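Chains, contacts and geometry: an overview
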Amino acid sequence: MGKLIIRGQKRLKGEVTVSGAKNAAVAILPATILSEGSCIIENVPDILDITILKNILTNLGAKIENLNSSTIKVDVSNVSSYVATDSQISKLRASYYLMGALLGKFKRAVVTFPGGCDFGVRPIDQHIKGFEALGAKVDIEHGKVIIAANRLVGAPIYLDVVSVGATINIMLAAVKAEGITTIENAAKEPHIVDLANFLNAMGADIKGAGTDVIKIRGVKELKGGHTYMIIPDQIEAGTFMIAAVATRGDVLVKNIIPKHMESLTAKLQEMNVKVEEFDDSIRVTGRDKIQKVNIKTLPYPGFPTDLQPPSTVLLCRAEGTSTITEGVWDNRFQYIDELKRMGANIKVEGRMAVIEGAVRLSGAPIRATDLRAGAAMVIAGMMAHGETTVSNIECIDRGYEKLEEKLRNLGADIRRVTNEKSKNR
Ligand code: EPZ
């Protein structure tokens, strides 16, 4: 079990390049199953979730070649099974995209129930509602989701909650269905647009991705043979922007789409931080004093829930009392107990965290409770006086490519210890 050891109070300075978007890549990889033949995917992040997905696809019969550190060739000609019950499936949430992809390809899917970060209940009722609307029968037995259809026929589907996963899964299942599927109240996240662009490049007919109504006209076949580049990771970019402010640093975050960062940029400016936008990069210059703000997380284009934990950490150094209201997940404040060990003064009232600012954090042994909370703990360690040890860092590796290496290049004092036996925190 690895740990990160951080000596805080170093200002981050320099340039950092953001990797490809995790949440786009974890949808696009399963989507390759729908194609005939092979395709090349560029800007694939080198993270644990992708390694696991590649293993799962390989076990289904896909041939995956690493062309370079961020480019892969996926050949699905030999994928002939609709049963994905690999023990690795329960390790990540995004394995639920195998349901939509296998159903779309074979009109059948048997997939182990997905895992992923724990934010309270993570239902898949809207995914199931979508599959059923297309004509499939869905049963859950012995920890597996069993889906079968004689025909998949396009239909209008209204999502009761704005769900990224359900929007993507329905797109995957409907892309080769007969007729037209309309998803209303669809999620609008950048990775939904990226998946639609990927599928359209293979010959799909998807319109409206990025708006709340997506129209999918089913096609008979999706061709392989093309090269597609995944968009930059909005959340990794935001994590570096927040880290720059947290450490009163000056960082140019490169390979990003500034439009995707607007909700964060607006909040940082409200805190009185200097943010300069360029074509595909943003420079963030921290200040000694930042102002309190109130944030509410919402589906895109609202403030991303995945940047909620790093933002809470940042607001520990704002002047005055800030609030963060979690508008997406029921229970995404588990990490706050860890921050309290460092001296943070935060009260959680239901879905709202009330953060007292101008607090001096002091280094402590803390634990990454999930992926984004893990990144937040690293930022807390970089803000704190003294040494912080972050344990359970495997969950950070799930979604951040070489986080400590990128931070070290910016001047952070951070190192990984991998072979310590100690189970203590
Ligand atoms: C995706 O999760 C992301 N994961 C999450 O990022 C992210 O926090 C979330 O979207 C919101 O942006 C991936 O893309 C792999 P949802 P997802 O379905 O798709 C409720 C990270 O750190 N809901 O949009 O699982 C649900 O309970 C991860 O990268 C239903 O009620 O999220 C939640 O309250 C963590 N029924 C809300 O909708 C359903 O059938 C949004 O969930 C589905 C969801």
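Now for a look at the structure at hand. All values reported here derive from a predicted model rather than from experimental measurement.

With respect to the sheet that holds strand 10 (residues 144-148)
Whether parallel or antiparallel, the strands of a sheet pair through hydrogen bonds between backbone atoms. An order of 7-8-10-9 is seen for the 4 strands of this open sheet, with the pairing classed as mixed. On the outer flanks of this sheet lie strand 7 (83-84) and strand 9 (137-141), each paired with one strand and no other. As paired strands, strand 8 (residues 108-112) and strand 10 are joined by 5 bridges and run antiparallel to one another. What sits directly across from Val111, in strand 10, is Val145. Seen against the sheet, helix 3 (residues 97-106) touches strand 7, strand 8 and strand 10 and runs at an angle of roughly 160° to strand 8.

Quick look at the pattern of salt bridges
For the coordinates displayed, the defined rule picks out 25 salt bridges. In this structure, the salt-bridge partner of Arg248 is Asp288, at a minimum N-O distance of 3.4 Å. Taken together, the residues Arg248 in the loop between helix 7 (234-246) and strand 17 (250-254) and Asp288 in the loop between strand 19 (281-285) and strand 20 (290-291) connect sequence positions 40 residues apart. Residue classification places Arg248 among the partly exposed positions, given a relative accessible area of 24%.

Observations regarding the site of the ligand
In the vicinity of the ligand there are 23 residues, among which Tyr96, Ser163, Val164, Asp306 and Val328 approach most closely. Between the ligand and Pro123 there is a distance of 3.3 Å, counted from an oxygen atom to a backbone nitrogen or oxygen. The separation between an oxygen atom of the ligand and a polar main-chain atom of Gly165 is 2.8 Å. Considered on its own, the ligand offers 820 Å² of accessible surface; in the complex 90% of this is hidden by protein. If you list the elements that add at least two residues to the shell around the ligand, you get helix 1 (22-31), helix 4 (125-133), helix 5 (164-174) and helix 11 (371-383). Per-element accounting of the shell around the ligand gives the leading share, 3 residues, to helix 4. When the residues that make up the shell around the ligand are grouped by side-chain class, the tally is 11 nonpolar, 6 polar and 6 charged. Here the shell around the ligand spans two domains, and each of domain 1 (2-19 + 232-423) and domain 2 (22-229) adds at least three residues to it.

Re the sheet that holds strand 26 (residues 365-367)
Judged by pairing direction, the sheet is mixed, and its 4 strands sit side by side in the order 26-27-1-28 without closing on themselves. Each having just a single partner strand, strand 26 and strand 28 (413-417) make up the two edges of the open sheet. On average, each strand axis in the sheet is inclined to that of its neighbour by 25°, with strand direction left out of account. Examined bridge by bridge, strand 26 and strand 27 (residues 387-391) share 3 bridges and lie parallel to one another. Residue Arg367 lies in a different strand from strand 27, and its bridge partner there is Ser391. On top of the sheet, helix 11 reaches strand 1 (3-7), strand 26, strand 27 and strand 28; it is set at about 30° to strand 1, its chief contact.

A closer look at the packing of aromatic side chains
Counted by the stated rule, this structure contains 2 aromatic pairs. Here the aromatic rings of Phe198 and Tyr228 are separated by 5.5 Å at their centres, their planes lie at 75°, and the arrangement is edge-to-face. Taken as a pair, Phe198 in helix 6 (residues 190-201) and Tyr228 in strand 16 (residues 227-229) lie far apart in primary sequence, 30 residues in all. Each member of the pair Phe198 and Tyr228 is classed as buried.

Thresholds, definitions, all that
Residues numbered from 1 in each chain as written. Predicted model: local features only at pLDDT ≥ 70, side-chain atom pairs only at ≥ 80, totals over all residues. Heavy atoms only, no water. Pairing = 2+ DSSP bridges. Helix = DSSP H or I, 4+ residues; strand = E, 2+ residues; numbered from the N terminus. Contact = heavy atoms within 4.5 Å. Axes fitted to C-alpha atoms, helices over the stretch in contact; angles between N-to-C directions. Salt bridge = Lys/Arg side-chain N within 4 Å of Asp/Glu carboxyl O. Buried < 20%, exposed > 50% of the residue type's maximum accessible area, 1.4 Å probe, protein only. Near = heavy atom within 4 Å. Polar contact = N/O pair within 3.5 Å; in protein donor to acceptor, adjacent residues only side chain to side chain. Areas by Shrake-Rupley, 256 points an atom, 1.4 Å probe, with all protein chains shown as cover. Nonpolar A, V, L, I, M, F, W, Y, C, P; charged D, E, K, R; others polar. Domains from an automatic or database assignment. Phe/Tyr/Trp six-rings, centres within 6.5 Å; stacked < 30°, edge-to-face > 60°.

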